[in-house]
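Examining the three-dimensional arrangement
Given next are the chains, with one letter for each unit.
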Amino acid sequence: MSNIGSYDERVRTFDWSLAEQELEYTAGAGLNIGWYCSDRICDKGGADKLALLWENAQGEEKRYTYDDVRVYSNAVGAVLRRLGVERGDRVCLFMDKVPELYIGVVGILKIGAIAQPLFSAFGDESLLVRLSNAETSAVLTQKKHAFKVRKILDKLPHLKHIVIVDHDGKTPLKDREVPFSLEGSKAVENLECFPTKAESPSVLHYTSGTTGMPKGVQHVHYSLISQFLTAKWVLDLQESDIYWCTADPGWVTGTSYGIIAPFSLGVTQCVLDAGFSTEAWYRFIEKNRISMWYSAPTAIRSLMKGGDEIVKKFDLSSLRHLASVGEPLNSEAVVWSERVFGRPFLDTYWQTETGCIVISNYPGMEVRPGSMGKPFPGITGTILDPSRNEPYPAPGKIGLVALKFDWPSRMRTYWRNEEAFQKKFRNNWYITGDRARVDQDGYYWFAGRDDDIINTAGHLVSPFEVESALLEHPAVAESAVVSKPDPLNLEVVKAYVTLKPGFAASKDLDLEIMNFTRKRLSPLAMPQEIEFVDSLPKTRSGKIMRRLLHAKEWGEEIGDTSTLEND
Ligand code: PRX
């Protein structure tokens, strides 16, 4: 029996207080996610239960019980407190998917500081933008990534401490660096959690904006209520599950459903800290008897490429429930997974800003391959007619996906950018920035984004951020960044570039510019293709018209070009 039972019945009787009751939370009382993710599970008899099973590319394994998570997160909290980190201070986690990341987030939340996870593949420019915007006061990182922080240190006056989480006790330390080691630290049996409340800030996740630099999405401890219940009803997490969320906590999926939800539900979760490989993934499922698997369309498409035969080499019979997020899940992938795993991947839709799954397929509800499903019970969604900002009177038309902004894990604002936050609303509807249609039965069908943001392999990349990095290269005069279709990653980044006098297009320059952006930003944001052109299409007021270049890449109609300067 699934946790949700009947979707329709849940919609009819829904109240978020259901989750509050299960978590024994009463309005106005203290609420600390860190405590819920460790101490509470131990208090309920789960101290010896396996919380985290970690494996890396070399096959090295580490296991942590809930009591380990409790004691080690206490140690992280204690060291930060000793350094003077206080409630509300931003503490960044800049590391691979190592145990210190998962346990570190819990420790940071316990002391009331704000956890700011950042993808470890970020280059120094991506890191600088996010650390300086957040005025981050401490970074937890690994030895191997510390050099990127050192490189930008003199531009970060607010950054007081760099905690090296895998310090061997010997390697010399540089300016502001502090040694730490989970296993090597003294067990901290008791740590007084900061008495955070529902509206106390918890997590700050940076996401790409349509214009301007990335924005910090500000979440609060009350988000737990939605993350807990959606994990229960959509991911169907149950006591005996062995859960695998493949997402990196540098992105919201890896935090909401890779740390907060599974730990607060007391399930056992597995983490594979290694790059993608079909064999390695199937082996990981087989070896650990994974029962619930939350992944993403690009990974599923990569597995599909591996073919059906390889699946038969492994015993994957432990899998009982699969879900996907981040990009459109094509119907072929749903049908394929049903054929080879005996169950379909259920598509779930949400955003950094929503904090939890908002539109989804549910166990027991008919799956319509290619559809994102229906709004989570208690969440009101609609399709707005963009010309009136009113819901369409009848289903069927493509419009803006909009939500009533009233569930517990909605973002509270963009960090120090209330203006951008307010711009997300029209007629009291929160505008997601996506387009979709609803069918007669209430199923949502994704149609595309309503802005220039590029979704590559499930990760959002802002053209503006890539263009800014390109402009710093000495050869680049102007640039326009758009998406280009890709069979595996759905979209990849493509840059159109004009060169400064004295520079000529060449394969070497092309590679040099690619590398330059990869190092500054990240491998995902690096353009996969650079096209050198003599000029870029501009409006009469001088604005580069990405729309035209986008249409060219996608073989679409170019549309109205009446404002074009060089037509
Ligand atoms: O465009 C939608 C796409 O990813 C965006 C949100 O990205 P981010 O904030 O990074 O969070 C991703 C993980 C929650 C959305 O605005 N997206 C997410 N899920 C889906 C999707 N597009 C189509 N189908 C989905 N299931």
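None of these values were measured; they are calculated from a predicted model.

1. Notes on the overall build of the protein
The helix and strand tally for the protein stands at 18 helices and 28 strands. The globule rule puts the C-alpha radius of gyration for 567 residues at 24 Å, and the 23 Å found for the protein is close to it. Taking the principal axes of its C-alpha atoms as reference, the protein extends roughly 70 × 60 × 50 Å. If you take every contact in the protein between residues at least 6 apart in sequence, the share linking residues at least 24 apart comes to 68%.

2. Observations regarding the site of the ligand
Near the ligand there are 18 residues, and of these D347, T348, Q351, T352 and D434 occur at the shortest range. Measuring from an oxygen atom of the ligand, one finds a side-chain N or O atom of T352 at 2.6 Å. For the ligand, the protein covers 98% of the area, taking 550 Å² as the surface of the free molecule. Breaking the shell around the ligand down by element, the ones donating at least two residues are helix 10 (252–265), strand 14 (345–349) and strand 23 (444–449). With three residues, the top contributor of residues to the shell around the ligand is strand 14.

3. Focus on the environment of E55
Relative to the elements of secondary structure, E55 occurs in strand 1 (residues 50–56). Overall, E55 belongs to the buried group, its relative accessible area being 1%. The residues touching E55, leaving out its near neighbours within four places in the chain, are E60, E61, V271, L272, D273, R283, F284, K287 and N288. Only 3.0 Å separates the side chain of E55 from the side chain of R283, close enough to count as a polar contact. A polar contact of 2.8 Å, which involves the side chain of E55, links it to the side chain of K287.

4. A closer look at the domain arrangement of the protein
On domain assignment, one finds that the protein holds domain 1 (7–435) and domain 2 (454–554). Placing a centre on the C-alpha atoms of domain 1 and another on those of domain 2 gives a separation of 30 Å. Listed as interface residues are 22 residues of domain 1 and, on the opposing side, 21 residues of domain 2. Summed over both sides, the interface between domain 1 and domain 2 buries roughly 1,700 Å², with carbon and sulfur atoms accounting for 55% of that surface. Ranking the residues of domain 1 by area buried against domain 2 places E125, S208 and W251 at the top, with a combined share of 25%. Put simply, domain 1 and domain 2 have two salt bridges between them. Measuring nitrogen to oxygen at the nearest pair gives 3.7 Å for the salt bridge that ties R520 to E125. Remark: the boundary between domain 1 and domain 2 carries 10 residue pairs in polar contact (both at pLDDT 80 or more).

5. Some remarks on the packing of helix 11 (residues 278–288) against helix 12 (residues 297–306)
Interhelical geometry of helix 11 versus helix 12 gives an angle of 105° and a closest axis separation of 10 Å. Relative to helix 12, helix 11 is oriented roughly perpendicular. Listed contacts from helix 12 to T278, W281 and Y282 of helix 11 are A299, S302 and L303. Class assignment of the residues belonging to the contact of helix 11 with helix 12 gives a composition of four nonpolar, two polar and no charged.

6. Things to note about the sheet that holds strand 14
Neighbouring strands of a sheet are bound in pairs by backbone hydrogen bonds; such pairs are parallel or else antiparallel. Pairing is mixed in the open sheet, where nine strands are placed in the order 2-1-11-10-12-13-14-15-16. The two strands at the open ends of the sheet, each matched to only one other strand, are strand 2 (61–65) and strand 16 (374–375). Judged from the four bridges that link them, strand 12 (residues 292–295) and strand 13 (residues 321–325) form a sheet pairing that is parallel. Paired with W293 across the two strands is L322, which belongs to strand 13. This element, helix 12, spans strand 12, strand 13 and strand 14 of the sheet and lies at about 120° to strand 13.

7. Section: the pairing of strand 17 (residues 381–385)
For strand 17, a buried count of four out of five residues is recorded, marking the element as mostly surrounded by other parts of the structure. Two elements, strand 17 and strand 18 (residues 390–391), share two bridges in a ladder whose sense is antiparallel. Bridge pairing links D385 to E390 in strand 18. The turn joining strand 17 and strand 18, which pair antiparallel and follow one another in sequence, is formed by four residues; a positive phi near 55° is taken by N389.

8. A word on the nonpolar core
In this structure, L80, L140, L235, Y257, F263 and Y294 are the most contacted members of the largest nonpolar core, which totals 105 residues. In terms of residue count, the dominant contributor to this core is helix 5 (residues 66–83) (eight residues). Every residue in contact with F263, bar those within four places of it in the chain, is listed here: Y36, C37, I41, A51, L52, Y66, V69, Y102, V106 and Q269. Ranked by size, the runner-up nonpolar core spans 25 residues in total, among them L272, L303, L316 and F345.

How each quantity is defined
- Residues numbered from 1 in each chain as written.
- Predicted model: local features only at pLDDT ≥ 70, side-chain atom pairs only at ≥ 80, totals over all residues.
- Heavy atoms only, no water.
- Helix = DSSP H or I, 4+ residues; strand = E, 2+ residues; numbered from the N terminus.
- Rg over C-alpha atoms; globule rule 2.2 N^0.38 Å.
- Contact = heavy atoms within 4.5 Å.
- Near = heavy atom within 4 Å.
- Polar contact = N/O pair within 3.5 Å; in protein donor to acceptor, adjacent residues only side chain to side chain.
- Areas by Shrake-Rupley, 256 points an atom, 1.4 Å probe, with all protein chains shown as cover.
- Buried < 20%, exposed > 50% of the residue type's maximum accessible area, 1.4 Å probe, protein only.
- Domains from an automatic or database assignment.
- Buried area = accessible area lost by both parts, 1.4 Å probe.
- Salt bridge = Lys/Arg side-chain N within 4 Å of Asp/Glu carboxyl O.
- Axes fitted to C-alpha atoms, helices over the stretch in contact; angles between N-to-C directions.
- Parallel < 35°, antiparallel > 145°, perpendicular 65-115°, else oblique.
- Nonpolar A, V, L, I, M, F, W, Y, C, P; charged D, E, K, R; others polar.
- Pairing = 2+ DSSP bridges.
- Core = buried A, V, L, I, M, F, W, Y, C linked by side-chain atoms within 4.5 Å.

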